[in-house]
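Summary of structural features
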Amino acid sequence: MSSNRESRRNDSGCTLGRRDFLKLAGAGIFVFFTVGDLPFGPAEADARELPSDFNAFLKIGEDGRVSCYTGKIEMGQGIVTSLAMMLADELDVALESVDMVMGDTELCPWDRGTFGSLSTRAFGPHLRMAAAEARAVLLELAAERLGVPAAELATADGAVFRKDKPGNRVGYAELTRGRRIERTAPSGVSVKESSAFKIMHTPKLRRDSYEKVTGKAQYAGDIQLPGMLYASILRPPAHGAKLLSVDSTEAEAVDGVRVVRDGDLVAVLHARPDVAEAALRTVKAEYERRDMDVDHETIFDHLVQVAPAGDTLEQGGDLAVGEEAAAHHAETTYLDGYVAHAPIEPHTATVQIEGDRVTVWPSSQTPFRAQEEVAQALGMPSENVHIISPFLGGGFGGKTRNLQVVEAARLAKIASAPVQVAWSRSDEFFHDSFRPAAVVTVRSGATEEGRLAYWDYGVYFAGDRGAPHFYDIPHHATTMYGGLWGVPYGVHPFAVGAWRAPANNTNTFARESQMDIMAAQVGVDPLEFRLRNLKDEKMKRVLHAAADKFGWKSAPAPSRQGRGIACGTDAGTYVATIAELELDEDTGGVTVKRIVCAQDMGLCVNPEGAIIQMEGCITMGLGYALTEEVHFSGGEVLDRNFDTYELPRFSWVPEIETVIVEALEDPPQGGGEPAIITMGGAIANAIFDSCGARVLQLPMTPARVKAALAEAT
C-alpha cells in the first residue's frame, strides 16, 4: 500500500488512482462524483470509509457511448436498467447508448457494497447530478465549437444544437476531439424537473432480460478456465464442531482426484464436479461436537433469557397514564423463526492465480470486501486481486459475506490451478447466514372511542428496522433487547445476518397483528382503526390506495371474508397490503387468493422494474409467512434442501395487483424490499378475519393455524 495519491492504493481508499482510471479508460469526457455518507448500520462499521474524492464516475467516449463505472452489482434488482435510465435522461442520450460497468475492482472506484435498497435512493441522485454536470460541460464545449453562448444551446439525442437553428448541431462524440476532459460533479447541480423527463418514470423492460432468458448471462459458476478444478469441501456435522481426524484414502484412489487440507479446510478436487462430489462422500472424518443446547422449539425462551438490557429506540408520554386512560388492553408475544436466503444461485466463486496476480469471479454483493478478504487469505497486496463481478442469481443480503470466495482462493493457491467452489444446496443451508429468530412483546391499549392510548413494544434480536411505530399514540415506548448486528457468541447457534428488509418483516408482523387485535377489541373495522390512529398523510394515502383497489367494505373482524390489511415503511417507502385467502379449518391450510399492494416510493424511475420488485417481494413473502423456517438441533441444521424447507411454489402465487402512488416530485426511495414487510401481518390478519383465530408465530403453518383454531374455540 502506498500513500501516493496516484498509486493503485491511494489515500482516498480507491483501488486505482485517478490517473490509472484515465489510462484504462482512454479519451473522453469524465465526470467523477461521490455518493457521500450513506445510512449504513453498525454491521458495516468496520468497513472503510468512502473515498474522499469520488466513488463512481461516468465517461462520454469518442464513440458517443456513455459508460457509468460503479462498484454496485446487479443481482436481479434491476439497477442495470434504472440507473442507466437516470443517466440517459439527464444527459439527453438514448438509453441504448449507456453501458453500466459494475463491480469490477480494476475499473470501478471502491464501493461498500450493494444492499439496503440504497442504489436508487442514495446513488441515483448523485448519478443524476453527475450527468447534469456532464451536460453542462458539453454545452460549454459546443458553445466554443459553434461560436454562440451556451445559453442559446440545447441538448437532445446525444447532440447539442442551437435553439434558434436546430439543424446547427454537433454530436457529443465530436466534442471530445481525442482529449481527456475531467470534471468533478459539484453538489447541488440542478437536475431536470420531472416535466422534462423523457425516459425516467416510463416503463422499461430490463436491459438484461434477453441475456437471462436465453441463458447467455454469465454467473460465477459459468466461468470455465483451462485446467480448472472443481472443489467439494468437507463440512462438519454441526456449527462449532472441531475436526479431529480425516481418512481420505479411498478418495485419493480415484483417478484424477486430489485431496488437499489447509487447517480445517479439507477439499476434494477434480476436473469434473460429479467426480469430486462422489469422492468426497468416501472421506471419513471424526468431529468433536460443541453445540449449544437449544433447538427450533426452545430458541425463543433462550433468546429472552440471554437478552441484554434494553435500548430505548423511541418513547413519548407516560405509559402509566396511557394505561389509566385505556378501556381495552392487549398483551401479546410474537415469535419468528430462522429463515434461509435460499437464492437460486448458491454461493459460488472461481479463482485463478497467475504469478502474483489473482482474478476472482464471485457471486458477491460486496466485491471490494471480497478483494480485501482474498488478499488477506493469500498474504498479498489487495491491488493484486482483481474481482470481476458477473450477474448474481439472487442475494437478499446473504451474499455480503464471502466465505466461498476465500475457500476458492485458498484452494487455488494450494492446488496451483484455477479452482471453482460452488456450494451444494446442503452447503448453502449450512454455511449461509440466516434471518435471526426473534421475539416481540407488545402491550397496548385503546380508549372507548377507539384511539390508541399506550404502546409498549419490545423486540428481542430481530433488529430495529421497522420497530418504531408511525401511529399517533400519546404514550409509547419502543425497546430493543439485543439487535441484529454484533450479537455475542451464545445467542444464536449459527451465523445470522441481513435478510431482505432485515428485521422489518418480524416487526411489521407483530405491530400490524397487534393493531388488528386492538381493532377487534374496540369493534372497529381494521382499516378504519388504522386511519383513526394515523396523522401521517403518506401512510393514509397508501392505505386508501390499497383499499380502493381492493374494493374494501367496512366491517369489524372477524368478518368471515378472509381479508387482512397491514402497512409499514421500509427504505423510505410507504407500503400497504391487503390479502384475501381461503382457510381450510380441517387441515389448517391457507390458500392466498389475492394480494393488493400499494406503495409510495417517491419518484418511480422505472415503473416496470418497480412492479417486478413488488411482485417478487409478495411471492417471497408467502414463504416466510406460511412455510419457511429452519429446523435445527444445537449447531446441526436439519433442513438441508427443499424437500423439508418449503419455498413458495408457482401454484401458490395469488392474483397480484399493484399500485404505485404518484409522487413524481419526491426523491426516489427503495423498491427492492418494502412490499415484503407487510405479507406476514396481512396474512395473519386475514386468517383472523376468516375464522377468529389469531396466529402469533411465523411461519403460520397448518399445525399452528389448527392450534390457534383450537384455542379460539
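Note that the structure is predicted; figures quoted are calculated from it, not measured.

1. A look at the nonpolar core
Within soluble globular proteins, side chains that are nonpolar generally end up buried alongside one another. Counting 104 residues, the largest nonpolar core has Tyr338, Leu543, Ile683, Ile687 and Met700 as its most contacted members. For this core, the element with the most residues is helix H16 (residues 607–626), which contributes 8 residues. Discounting residues that sit within four places of it in the chain, isoleucine 687 has contacts with Leu581, Leu583, Val590, Gly692, Ala693, Val695, Met700 and Val705. Within the second largest apolar cluster, 47 residues are counted, among which are Ala130, Ala143, Tyr172 and Met200.

2. Quick notes on the UniProt feature "domain: Aldehyde oxidase/xanthine dehydrogenase a/b hammerhead" (unreviewed entry) in the protein chain
Under the UniProt annotation, the feature "domain: Aldehyde oxidase/xanthine dehydrogenase a/b hammerhead" (unreviewed entry) is placed at residues 214–291. Helix makes up 15% of residues 214–291 and strand makes up 35%, while its end C-alpha atoms are separated by 46 Å.

3. Structural notes on the packing of aromatic side chains
For the structure shown, the criterion picks out 15 aromatic pairs. Both rings, one in tyrosine 334 and one in phenylalanine 509, keep their centres 5.7 Å apart while their planes meet at 80°; by these two values the pair is edge-to-face. Of this pair, tyrosine 334 sits in strand S15 (residues 328–336) while phenylalanine 509 sits in helix H13 (residues 504–522); the two residues are 175 residues apart in sequence, bridging distant segments of the chain. Taken individually, tyrosine 334 and phenylalanine 509 each receive the classification buried, so the pair is uniform in this respect. Ring geometry for phenylalanine 434 and phenylalanine 494: centres 5.0 Å apart, planes at 85°, overall edge-to-face. With phenylalanine 434 in strand S21 (residues 434–435) and phenylalanine 494 in the loop between strand S24 (475–481) and H13, this residue pair connects regions lying 60 residues apart in the sequence. The two residues phenylalanine 434 and phenylalanine 494 agree in class, both being buried. An aromatic cluster is present here, built from Tyr338, Phe434, Phe494 and Phe632 joined pairwise through their rings. Above the ring of tryptophan 552, the side-chain terminus of arginine 563 is found at 3.6 Å from the ring centroid. Note that arginine 694 overlies the ring of phenylalanine 688, its terminal NZ or CZ placed 4.6 Å from the centroid.

4. Description of the confidence of the model for the protein chain
Across the protein chain, the average pLDDT comes to 92, with 93% of residues at or above 70. Note that residues 1–15 has pLDDT below 50 and, in this model, 48 contacts with residues that lie over four places away or in other chains. Note that residues 37–52 has pLDDT below 50 and, in this model, 29 contacts with residues that lie over four places away or in other chains.

5. Comments concerning the environment of alanine 663
Positionally, alanine 663 belongs in the loop between strand S30 (655–660) and helix H17 (674–677). Separated by 62 residues in the primary sequence, alanine 663 and methionine 601 have C-alpha atoms spaced 7.4 Å apart. Beyond its immediate stretch of four places on either side in the chain, alanine 663 contacts Arg541, Asp600, Gly602 and Leu603.

Rules of the game
- Residues numbered from 1 in each chain as written.
- Predicted model: local features only at pLDDT ≥ 70, side-chain atom pairs only at ≥ 80, totals over all residues.
- Heavy atoms only, no water.
- Core = buried A, V, L, I, M, F, W, Y, C linked by side-chain atoms within 4.5 Å.
- Buried < 20%, exposed > 50% of the residue type's maximum accessible area, 1.4 Å probe, protein only.
- Helix = DSSP H or I, 4+ residues; strand = E, 2+ residues; numbered from the N terminus.
- Contact = heavy atoms within 4.5 Å.
- UniProt positions renumbered as here; feature names shortened; annotations may be inferred.
- Phe/Tyr/Trp six-rings, centres within 6.5 Å; stacked < 30°, edge-to-face > 60°.
- Lys NZ or Arg CZ within 6 Å of the ring centre and 35° of its normal.
- pLDDT = per-residue confidence, 0-100.

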